[in-house]
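Listed below are the residues making up each chain.
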Amino acid sequence: MTSTTAILREIAARLLSSGAVEMVIGFRQGTIPMMNEPCFVRKPDEVGHLVWDSHCGINLANYLTDRKEKIGIVAKGCDSRNVVTHILENKIRREQLVVIGVPCRGMADKRKIAMKCPGEILRVSETATAITAEGEGFSRTFEKADVLQHNCSLCIHRNPVIYDELAGDLVEEQQGVDRYADVRAVEEMTPERRWKYFEDLLAPCIRCYACRNACPLCYCPTCFVDESRPQWVGKGQDPIDVRTFHFLRAYHCAGRCTDCGACERACPVGINMRLFTKKLEKDCRELFDWEAGLSLEARPALDQYRPNDPNDFIR
Amino acid sequence: MRMLLIDRRAWEEGLKRAAGDYRLIGPVKEKEFHSFRPLAAGQLPDFAFQNSRLSPKHVIYPQTEPMFTYTLEETREDRHLLREVVRDIPPTAVVGIRPCDAKAFVLVRLNFDTPDVQDPYWLRAYEATTFIGLGCNAPCGSCFCTTAGCGPFHEEGLDLLLAETAEGFTAKVLTAKGEAFARAAGWTKPAPEGTEAALQELARAAEGRITSFVQTEHLKSIPVNDLYHAPFWDEVSFACINCGTCTYSCPTCWCFDIQDETRGKAGVRLKLWDSCMYPLFTLHGSGHNPRGTKLHRVRQRFLHKLKYFVEKYDRGIQCVGCGRCVRLCPVNIDIRRVCNMMNGYAVSGEACAIP
Amino acid sequence: MRNPYQPYPVRIDAVTVETEDRNLKTFRFSFLNPGDEERFSYRAGQFAELSIAGKGEIPIGIASSPTEKGFVMFTVNKVGLVSSHLHSMKAGDVMGIRGPLGNWYPWERMEGKNVVIIGGGFAFTTLRSSIVYMLDPANRGRFGEIHVIYGARTPGMLLYREELAAWERRDDIHMHITVDATQDPAWKYNVGFVPAITEKKAPPAGEDTFAIICGPPIMIKFTLPVLEKLGYPNDRIIMSLENRMKCGIGMCGRCNIGKEFVCKDGPVFTLEQLNRTPREY
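Residues numbered from 1 in each chain as written. Chains lettered and ligands numbered in written order. Predicted model: local features only at pLDDT ≥ 70, side-chain atom pairs only at ≥ 80, totals over all residues.

Describing the overall build of chain B
And then number 1: Counting secondary structure elements, chain B contains 12 helices and 11 strands.
And then number 2: Compactness check: chain B gives a C-alpha radius of gyration of 22 Å against a globular reference of 20 Å for 355 residues, within 12% of the reference.
And then number 3: Along the three orthogonal principal directions, the C-alpha set of chain B runs to about 70 × 65 × 40 Å.
And then number 4: By the burial criterion, 50% of the 355 residues in chain B qualify as buried.
And then number 5: The contacts of chain B with a sequence gap of at least 6 include a subset with a gap of at least 24, amounting to 72%. (Helix = DSSP H or I, 4+ residues; strand = E, 2+ residues; numbered from the N terminus. Rg over C-alpha atoms; globule rule 2.2 N^0.38 Å. Buried ≥ 20, exposed ≤ 12 C-beta atoms within 10 Å, placed from the backbone. Contact = placed C-beta atoms within 7 Å.)

Structure, rendered in structure tokens:
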């Protein structure tokens, strides 16, 4: 048991016993290697279910949408930024929440680890800096830094931005990270090449909507792809419809996405749709000096109007 | 049953020969995982896999399938009338399908091929297809086929079963379709005495490597309304994000939607995979939704597979234990755990009395 | 292999606005191809998919009776994409009908028995089919007493008003028409909700009496306890359900209640059957 797990359980038990919250949302031990399951705990004697390790990549802010209870929410850096966004967008009230911040050193990329192993991974263990994967006839140990989810390796907000409790010491933020090398590479392509690149990127999509549904930002009661009157998008595998879904979804996340990686992580066919949301993140940063979910006081980039807006069309 | 011996050379040449009579489909590695795809001329199926990431159900049941075409051109005599699209399906062989995925088609057939009505799209494709199975020597840690009415060398739904050996393959011919394929491939060399026993030994060894199980023996007898009202659904469904990963990756999930798509004046009526996980699946025109919460939808998926199907057909569960939903669920909802909870659930007078 | 998804081509012969809010219209269709009418042989209580190329299909109860020849008739509420488009169509337009689908009211079991039909709002369509069927001279003798309790919000929201008036005048059927409320001084029938009228007017319960009940959920919810109080056994209470459907033939997977498909094993169920299954409708 990592010490973070022990601290989380202690905090959860205290919050539940005192009645400060009705439920704590966190993770429980998964049933397969490198997967944990989001869960809720309502009674102090159930806090033993809660765990924390490098396989808690799912963004728990997703589970707050429109809930009515008082909730203790376990939040790493990105989760906390989505909690902020949820509060700003009126999907939950700050007063309902006790944010149990977890300073984060990044989440493991289960596909990256699987690809580096010669067979099926049956057991995984970890220390502060290393992850060991074992299977029939093999055991491989990796530096954690080498097998992080791509978004985690680029993360510059590992510490929760808001918290009421803290499960561990704050970590040092990564410095000098080049967040947008992959986006620049796409920007530099010719339009023809870029189009081809996107086609290949999206070719395996089966429209299961795991990316959309894993995303805390995607809470619309009826998504535009599901709307039938008018029907904006066809429902089949036509590449035009598949692209429309991915492109429009990315735009709906503009100025809101925290690059938590939930979408890419959820995809059953390994599509890196983060490229789209990151492009918009980069634009927001360059055009409006905006990063999503850092403050409860600032209004999001697409949620405010300035008389001195540099663009003509809006004046 | 006839047993054949196929060495490496006979394998490669046989597939080349068979490609003259059959459209061959087999596992192919794309980026990081395997998919069942049509094999190019001379291309061999890649058997260096445990199983394909997604099931091969799309071979019989494409995710998007045209059912009818129509024209809205008012000057045309046949305006607004639907013309059936008859897919040209050449004799097809799926080479290297795992026994679990072949058995899945047998279960799905119960839905599409009923005594009084048949789905011609599914059935024509199924009937045109020969299934050349590949026994599973090394099942995944999350496979639970042996307790899901299946097994690593299960024969139901297969026309020919291959077992990989050091020299190539041994093949067990199971049906006339399998016989025809072996003939087309020129695989005629009888396997020596004792091969069948060796195959059984391989199967037993593979079964022994299965480490994951479900209990199903009480599912049929527990009253459906008891399971429906069981207290665990809130906890089971909490993590669910209502995506379609489990249903789309599942070889036994068959639910579909019908949609018309028009471009200009020409249109097509499509049959499309759908998922009970999606709220729209059951939404009434009035706005009422009988399965309006994710609890409803998660419960529907598990009750359908593990209770309604069991009761309706008396053929076991609607699951072959391939483990894909377990491995692919983005939030780790595990059918094995839920199946065991359901199977162990009993409402008795005494149980109710427990505070 | 017959393609069960292929609709019969039909022409709209007549469109009638049924209700004062103009949200309900009755469509009369004739089959374009000879022989299709015979192939579309149905029983009262069944439904069909109305199929409009480019829009889709909607499951609608058949409002005409098998005893009425030369046409089929459907009354459609304007709700979604397909029904809204259908409301914009006119006599002479061509579309499709796929069916008949589902089961029907248990006519064999009800032979020689009394039947009370309880309907509300626009869910009166297959009930009209049933009444016309039972009143047909060839069939009337096969049933005992027939009661009809039918309610709508206002007089102008009742379907088939001329037929209702004609049935009122007959002595081989007991009509109990009601509205929730009305200012109309000429209204000479009941005022009150269907459950209340049922309590007052329904025939005595017994082994020889069946109740067929079809209406909005709120009406069903409050009428079932009344029938129970009157002593109607659960296997004599017949209900017709609605759920979202696509295929209509028990394959697409969305309309199930427990292991039963509303489209194929239903839409007609006894209350006894419904009590044994999850009620997701």
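Moving on from the model shown.
So, the domain arrangement of chain B
Residue and element names in this part refer to chain B.
And then number 1: What the domain assignment reports for chain B is domain 1 (3-209) and domain 2 (224-353).
And then number 2: Listed per partner, the contact involves 35 residues of domain 1 and 29 residues of domain 2.
And then number 3: At the level of secondary structure, the elements contributing two or more residues to the side of domain 1 that touches domain 2 comprise strand S4 (64-71) and helix H2 (99-112).
And then number 4: With nine residues, H2 is the single largest residue contributor to the side of domain 1 that touches domain 2. (Domains from an automatic or database assignment.)

Let's talk about the interface of chain C and chain B
And then number 1: At the interface, 33 residues of chain C touch 40 residues of chain B.
And then number 2: If one sorts the elements of the side of chain C that touches chain B by residue count, strand S6 (residues 94-101) of chain C sits on top with three residues.
And then number 3: Partitioned by chemical class, the residues of the side of chain C that touches chain B number 15 nonpolar, 11 polar and seven charged. (Nonpolar A, V, L, I, M, F, W, Y, C, P; charged D, E, K, R; others polar.)

Quick word on the interface of chain A and chain B
And then number 1: With 31 residues of chain A at the contact, the number on the chain B side is 34 residues.
And then number 2: For the side of chain A that touches chain B, the secondary structure elements donating two or more residues are strand S2 (37-41), helix H3 (110-115), helix H7 (210-214) and helix H9 (262-266) of chain A.
And then number 3: Across the side of chain A that touches chain B, the residue classes tally to 16 nonpolar, nine polar and six charged.

So, the domain arrangement of chain C
Residue and element names in this part refer to chain C.
And then number 1: By the assigned domains, chain C splits into domain 1 (8-100) and domain 2 (114-240).
And then number 2: Placing the centre of domain 1 and that of domain 2 at their C-alpha centroids yields a distance of 24 Å.
And then number 3: Each side of the interface is counted separately: domain 1 has 17 residues, and domain 2 has 13 residues.
And then number 4: Looking at the side of domain 1 that touches domain 2 residue by residue, the classes come out as five nonpolar, eight polar and four charged.

A word on the environment of Val148 of chain C
And then number 1: In this fold, Val148 of chain C is placed in strand S8 (residues 146-152).
And then number 2: With sequence-adjacent residues up to four places away left out, Val148 of chain C is seen in contact with Ile117, Ile131, Ile173, Met175 and His176 of chain C.

Quick look at the sheet that holds strand S6 (residues 130-135) of chain A
Hydrogen bonds between backbone groups are what pair the strands of a sheet, and the pairing can be parallel or antiparallel.
All names here are of chain A.
And then number 1: The strand order across the open sheet built from three strands is S5-S6-S7, with neighbouring strands paired in antiparallel fashion. For this open sheet the edge positions go to strand S5 (123-126) and strand S7 (138-143), each flanked by a neighbour on one side alone. With strand direction ignored, the average angle separating the axes of adjacent strands in the sheet is 15°.
And then number 2: Across four bridges, S5 lies against S6 in antiparallel orientation. (Pairing = 2+ DSSP bridges. Axes fitted to C-alpha atoms, helices over the stretch in contact; angles between N-to-C directions.)

Thoughts on the pairing of strand S2 (residues 23-30) of chain B
All names here are of chain B.
And then number 1: By the bridge criterion, three bridges tie S2 to strand S6 (residues 92-97) in an arrangement that is parallel. Among the inter-strand pairings, Ile25 is bridged to a residue of S6, identified as Val94.
And then number 2: Of the pairings in the sheet, the one linking S2 to strand S3 (residues 33-38) comprises six bridges and is antiparallel in character. Opposite Glu30, over in S3, you have Phe33 as the bridge partner.
And then number 3: Counted between consecutive antiparallel strands, the loop separating S2 from S3 contains two residues, among which Lys31 sits at a positive phi close to 50°.

Let's talk about unusual backbone geometry
And then number 1: In the segment running from Gly99 of chain C into Pro100 of chain C, the intervening peptide bond is cis, with an omega of 0°.
And then number 2: Take Pro100 of chain C: it is sitting in strand S6.
And then number 3: Phi is positive for Asp66 of chain A, close to 60°, though the residue is something other than glycine.
And then number 4: Structurally, Asp66 of chain A can be placed in the loop between S2 and strand S3 (71-75).
And then number 5: One non-glycine residue, His80 of chain B, adopts positive backbone phi at about 70°.
And then number 6: Mapped onto the elements of the fold, His80 of chain B is located in the loop between S4 and strand S5 (83-84).
And then number 7: Judged by C-beta crowding, with 20 C-beta atoms within 10 Å, His80 of chain B ranks as buried.

A short note on H2 of chain B
All names here are of chain B.
And then number 1: If you check H2, its first and last C-alpha atoms are 20 Å apart, about what 14 residues at 1.5 Å a residue would give, namely 20 Å.
And then number 2: Taken as a whole, H2 has its buried residues at Pro99, Cys100, Asp101, Ala102, Lys103, Ala104, Phe105, Leu107, Val108, Asn111 and Phe112.
And then number 3: In this fold, the buried residues of H2 make contact with S6, helix H3 (120-127) and strand S7 (129-134). (Expected span 1.5 Å × (residues − 1).)

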